[in-house]
Amino acid sequence: MHRFVFIIITFYMIGVLFSQSYFDEIMTQKIQNDKNNISLNITNESTKKSSTLAFFLSLAIPGAGEYYLNRFDLGRYFLLAEGTLWLTVAGFNTYGNWQKENYINFAKVNASVNDANKDETYWATIGNYLSIEDYNNEKLLNREFSKVLDINTHYWFWKTNDERKKYRSLWLSSEKAFNNVQFPLALIVINHLASAINSAIIASRMKSKDEITFHFFPNVSLDNFNQLQLTFNLVKIF
């Protein structure tokens, strides 16, 4: 009977010593516990998120990186700004095309313009001269022969200076609308970069938080009365 008890204690001691050895290995290598360990892992999911992926997601679609990091409460503002800016671009383009159609029709009716195969330079030019004759005479006087226009294909004649000014006003409003597109486009680029940087910062802050892992390890020792005692160590691994 005593021999049997001795054998049981011996095997138990070997098991405990093995556990202690394994504890040392965990502390140095931070590997997973084996079946003899009881582990409780409490890990913040956010620390597993990639800051690089978050950066490029927001660079492609503002707010996407924040959504990936579970911080769409911040990302939604970048997405809202993106939608607003693209609507602004569409608004400027729509207004510019509408005014372009207006000044072309106005020139056809009031200056006998043929709009076939006319470039942007032509539409800008006819707003500065009453007629093609005035334009060509100026180019001839300045010896700019290459800029003289064919009267048969590029004819125009404004009956009054007020009509020319009215046309010029329509043309300017169209050009101004098209030129204004560059401002929301620039803000769109800034919005993408801002969201990307914001996502990277959020991910970096999340990663800076400790990943908490608790491990319970058995420990055998002698008490003050030289009797065997079993305790468990709760160890926090970063």
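Our structure is the block above this text.
Residues numbered from 1 in each chain as written. Predicted model: local features only at pLDDT ≥ 70, side-chain atom pairs only at ≥ 80, totals over all residues. Heavy atoms only, no water.

1. Quick look at the overall build of the protein
To keep things clear, this is the line we draw: Helix and strand definitions follow DSSP, with helices as H or I runs of at least four residues and strands as E runs of at least two, each counted in order from the N terminus. Accessible area is worked out with a 1.4 Å probe on protein chains only. A residue is then buried under 20% of its type maximum, exposed over 50%, and partly exposed in between. Throughout, a residue-residue contact means that at least one pair of heavy atoms, one from each residue, lies within 4.5 Å.
Within the protein one finds eight helices and three strands. Starting at the N terminus and ending at the C terminus, the protein contains elements arranged as α-β-α-α-α-α-α-α-α-β-β. A burial count over the protein gives 31% of its 238 residues as buried. Looking at the protein alone, contacts between residues at least 24 apart form 63% of all its contacts between residues at least 6 apart.

2. Examining the pattern of salt bridges
Put simply, the test is: Every case where a carboxyl oxygen of Asp or Glu lies within 4 Å of a side-chain nitrogen of Lys or Arg is listed as a salt bridge.
The full count for this structure, using the stated rule, is six salt bridges. A salt bridge links Lys-108 to Asp-115; its shortest N-O distance comes to 3.9 Å. Here Glu-144 makes a salt bridge to Lys-147, at a shortest N to O gap of 3.5 Å. In this structure, a network of salt bridges that share partners links the residues Glu-138, Lys-139, Glu-144 and Lys-147.

3. Digging into the packing of helix 7 (residues 161-180) against helix 8 (residues 182-208)
Test applied: The angle between two axes is taken between their N-to-C directions and runs from 0 to 180 degrees, where each axis is a line fitted to C-alpha atoms and a helix contributes only its stretch in contact. Note that the term roughly parallel is reserved for angles under 35 degrees, roughly antiparallel for angles over 145, roughly perpendicular for angles of 65 to 115, and oblique for everything else.
Viewed as axis vectors pointing N to C, helix 7 and helix 8 meet at an angle of 5 degrees, and their least axial separation amounts to 5 Å. Judged by the inter-axis angle, helix 7 sits roughly parallel to helix 8. Of the residues in helix 8, those in contact with Phe-178, Asn-179 and Asn-180 of helix 7 are Gln-182, Phe-183 and Pro-184.

4. Side note on the side chain of Asn-191
Rules: We define a polar contact as two N or O atoms separated by no more than 3.5 Å, with the added condition that, inside protein, one atom must be a possible hydrogen donor and the other a possible acceptor, whereas residues neighbouring each other in sequence contribute only through side-chain atom pairs.
Summarising the element assignment, Asn-191 is placed in helix 8. Within the structure, the side chain of Asn-191 is placed 3.1 Å from the side chain of Glu-82, a separation counted as a polar contact. Each residue touching Asn-191, except ones within four places of it in the same chain, is listed here: Pro-62, Phe-78, Ala-81, Glu-82 and Leu-85.

5. Focus: helix 6 (residues 132-141)
Which entries qualify depends on this criterion: By construction, the arc corresponds to the directions joining the helix axis to the C-beta atoms.
Those residues of helix 6 that fall on the buried side of the exposure criterion are Ile-132, Tyr-135, Asn-136 and Lys-139. The buried residues of helix 6 occupy an angular sector of 90 degrees when projected down its axis, which confines them to one face. The elements touched by buried residues of helix 6 are helix 5 (120-125). Trailing helix 6 by a residue or two, Arg-143 shows a phi angle of about 60 degrees, which is positive.

6. Focus on the environment of Gly-83
One can find Gly-83 in helix 4 (residues 72-110). Separated by 21 residues in sequence, Gly-83 and Pro-62 place their C-alpha atoms 9.8 Å apart.

7. Observations concerning unusual backbone geometry
For Asn-117, which is not a glycine, the phi torsion comes out positive at approximately 55 degrees. Structurally, the position occupied by Asn-117 is in the loop between helix 4 and helix 5. Taking relative accessible area as the criterion, Asn-117 reaches 78% and is therefore assigned exposed. For Arg-143, which is not glycine, the phi dihedral falls at a positive 60 degrees. Take Arg-143: it is sitting in the loop between helix 6 and helix 7.

8. Considerations on the nonpolar core
Threshold: Note on terminology: a nonpolar core comprises buried Ala, Val, Leu, Ile, Met, Phe, Trp, Tyr and Cys residues joined through side-chain atoms within 4.5 Å.
Among the nonpolar cores identified, the biggest contains 18 residues, and Val-113, Trp-123, Ile-126, Trp-156, Trp-158 and Tyr-167 are the most heavily contacted of them. Setting aside its immediate chain neighbours within four residues, Val-113 contacts Ala-107, Lys-108, Tyr-122, Trp-123, Ile-126, Tyr-155 and Trp-156. Ranked by size, the runner-up nonpolar core spans five residues in total, among them Ala-54, Leu-69, Ile-202 and Ala-203.

All quantities given are derived from atomic positions and should not be read as evidence of function.
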